[in-house]
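Observations on the model geometry
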Amino acid sequence: MVAIKTLKEAAMDDAKVNFDREAELLATLLHDNIVTFYGVCIDSDTSMMVFEYMENGDLNNFLRYRYKYSKG
């Protein structure tokens, strides 16, 4: 399983630049504590970044969930 981040065809130019910049940055990061970035798919109208699947979701949602239920 993988996770997909998409950029719709109708995205504004700033969003496309940020998407490309993020993909370029992620391509250079290799660390055990950072989600693995597999690559970009641009064969369709929608650009997609492909990442390893995170069973517990992203870190932000995981921490919010843990905090919410730890307050008892």
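Residues numbered from 1 in each chain as written. Predicted model: local features only at pLDDT ≥ 70, side-chain atom pairs only at ≥ 80, totals over all residues. Heavy atoms only, no water.

**Considering the overall build of the chain**
When helices and strands are counted, the chain shows 2 helices and 3 strands. Reading the chain from its N end, one meets helices and strands in the order β-α-β-β-α. Structurally, the chain occupies a C-alpha span of about 45 × 25 × 20 Å along its principal axes. Within the span of the chain, comprising 72 residues, buried residues form 15% of the whole. A separation of at least 24 residues holds for 47% of the contacts in the chain among residues at least 6 apart in sequence. Counting every atom, the chain has about 6,300 Å² of accessible surface; 53% of that belongs to carbon and sulfur. (Helix = DSSP H or I, 4+ residues; strand = E, 2+ residues; numbered from the N terminus. Buried < 20%, exposed > 50% of the residue type's maximum accessible area, 1.4 Å probe, protein only. Contact = heavy atoms within 4.5 Å. Areas by Shrake-Rupley, 256 points an atom, 1.4 Å probe, with all protein chains shown as cover.)

**A closer look at the sheet that holds strand 1 (residues 2-7)**
An order of 1-3-2 is seen for the 3 strands of this open sheet, with the pairing classed as antiparallel. Of all the strands in the sheet, just strand 1 and strand 2 (37-41) have a single pairing partner and so form its edges. Averaged over neighbouring strand pairs, the angle between their axes works out to 20° when direction is ignored. Pairing geometry for strand 2 and strand 3 (residues 47-52), over 4 bridges, is antiparallel. Across the sheet, residue Phe 37 finds its bridge partner in strand 3, namely Phe 51. (Pairing = 2+ DSSP bridges. Axes fitted to C-alpha atoms, helices over the stretch in contact; angles between N-to-C directions.)

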